[in-house]
Amino acid sequence: AAGVIQSPRHLIKEKRETATLKCYPIPRHDTVYWYQQGPGQDPQFLISFYEKMQSDKGSIPDRFSAQQFSDYHSELNMSSLELGDSALYFCASSSDTHTDTQYFGPGTRLTVL
Amino acid sequence: SQQGEEDPQALSIQEGENATMNCSYKTSINNLQWYRQNSGRGLVHLILIRSNEREKHSGRLRVTLDTSKKSSSLLITASRAADTASYFCATDLIQGAQKLVFGQGTRLTINP
């Protein structure tokens, strides 16, 4: 079965640079979620989209923005990167916002030097 | 995590034994999900239990949910070395939020 696809899998950036992470949800899933997991920490919710509209927002810095496109893929844009942004970034998708399972992608490991 | 607390934080057992992990949460939920994560890898969904369910089974996994105590447990029976991973509970809150709120995780080590 098709899973959530994230690209790139690994990304290395310098401080103050920008990064764009991409997420392709499972086909026919209309909801996308972004999570950030720092080293040794639990995943923290950043933002979610349902039918291309932002549906919920968590602890996402103002330097980050995201959107969901007409084909339901989503991009997380991160600007003015800081060392503390180094983390695993997960995308998840679901077909129903409250009653269904969220399926996670393999994650993008971002390292900021 | 502000919502979930997991207990124990680390658990080491012998292969073949059963492993039990507990999760507590603070607010009302729609459902509770358990995920497994191998070191630095993706989150693998294990099982979802809805707020109106009390127990659920999937293979060697057994999950219970006690909404009156706001707690859940994950039991892995006949553990195997491949079960070594971190296990997270995650709650889907009732109050309009669509996000999952994760517990701190239990690091499970199965010794051969």
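Residues numbered from 1 in each chain as written. Chains lettered and ligands numbered in written order. Predicted model: local features only at pLDDT ≥ 70, side-chain atom pairs only at ≥ 80, totals over all residues. Heavy atoms only, no water.

**Quick notes on the sheet that holds strand β7 (residues 61–66) of chain B**
Residues and elements named next belong to chain B. Test applied: In this analysis, strands are considered paired if DSSP registers two or more bridges between them. A run of DSSP states H or I qualifies as a helix once it reaches four residues; a run of E qualifies as a strand once it reaches two. Both are numbered from the N-terminal end. Under this scheme, a helix contributes an axis fitted over its contacting stretch, all axes are lines through C-alpha atoms, and angles between N-to-C directions fall in the 0 to 180 degree range.
The strand order across the open sheet built from 5 strands is β1-β3-β8-β7-β6, with neighbouring strands paired in antiparallel fashion. Since the sheet does not close on itself, it has two edges, and those belong to β1 (5–7) and β6 (55–58), each with one partner. In this sheet, adjacent strand axes meet at a mean angle of 15 degrees when their direction is disregarded. As judged from the 6 bridges shared by strand β3 (residues 19–24) and strand β8 (residues 71–76), these two strands associate in the antiparallel manner. Looking at β8, one finds that N22 is bridged to S73.

**Let's talk about the sheet that holds strand β1 (residues 5–7) of chain A**
Residue and element names in this part refer to chain A. Overall, antiparallel pairing links the 4 strands, which are arranged β1-β3-β8-β7 in an open sheet. On the outer flanks of this sheet lie β1 and β7 (64–68), each paired with one strand and no other. Across the sheet, the axes of successive neighbouring strands diverge by a mean angle of 15 degrees, strand direction being ignored.

**A closer look at the state of the cysteines**
Residues and elements named next belong to chain B. As a reminder, the rule being used: What counts as a disulfide here is a pair of cysteine sulfur atoms lying within 2.5 Å. Burial classification: accessible surface area is computed with a 1.4 Å probe over protein chains only, and a residue below 20% of its type maximum counts as buried, one above 50% as exposed, and the rest as partly exposed.
Enumeration according to the criterion identifies 2 disulfides over all chains in this entry. Between the sulfur atoms of C23 and its disulfide mate C89 the distance is 2.0 Å. Its S-S torsion of about 65 degrees marks the bond between C23 and C89 as right-handed, since a negative value means left-handed. Highlighted residues: C23 in strand β3 and C89 in strand β9 (residues 85–93), separated in sequence by 66 residues. Comparing C23 with C89 shows no difference in burial state: the two are buried.

**Brief notes about the nonpolar core**
Stated formally: Among buried residues, the Ala, Val, Leu, Ile, Met, Phe, Trp, Tyr and Cys ones that are joined through side-chain atoms within 4.5 Å form a nonpolar core.
Membership of the largest hydrophobic core comes to 24 residues, with the highest contact counts inside it found for L32, W34, L74, I76, Y87 and L108 of chain B. When contributions to this core are tallied by element, the ones reaching two or more residues are β2 (10–14), β3, β4 (29–37), β5 (43–50), β7, β8, β9 and β11 (106–111) of chain B. Counting 22 residues, the second largest nonpolar core, distinct from the first, contains L11, A19, L46 and F49 of chain A.

**A word on the interface of chain B and chain A**
Many descriptions give the size of an interface as the accessible area lost when the pieces come together. Rules: Residues are treated as being in contact if the distance between any of their heavy atoms lies within 4.5 Å. Simply put, the buried area is the total loss of 1.4 Å probe accessible area from both parts when two parts are fitted together. Salt bridges are counted wherever a side-chain nitrogen of Lys or Arg sits within 4 Å of a carboxyl oxygen of Asp or Glu. Each polar contact in these results corresponds to two N or O atoms within 3.5 Å; when the atoms are within protein, one needs to be able to donate a hydrogen and the other to accept it, and residues that are neighboring in sequence are counted only if both atoms are side-chain atoms. Only Asp, Glu, Lys and Arg are considered charged, only Ala, Val, Leu, Ile, Met, Phe, Trp, Tyr, Cys and Pro nonpolar, and every remaining residue, Gly among them, polar.
Taken together, the contacts link 24 residues of chain B with 22 residues of chain A. Summed over both partners, the interface of chain B with chain A comes to about 1800 Å²; 50% of that surface belongs to carbon and sulfur atoms. Remark: the boundary between chain B and chain A carries 0 salt bridges. Counting every contact that joins chain B to chain A gives 3 residue pairs in polar contact (both at pLDDT 80 or more). Taken together, the elements giving at least two residues each to the side of chain B that touches chain A come down to β4, β5, β9 and β10 (100–102) of chain B. Tallying contributions element by element places β4 of chain B first for the side of chain B that touches chain A, with 5 residues. The residue inventory of the side of chain B that touches chain A, partitioned by class, reads 8 nonpolar, 12 polar and 4 charged.

None of the figures reported here should be taken as evidence of function without further support.
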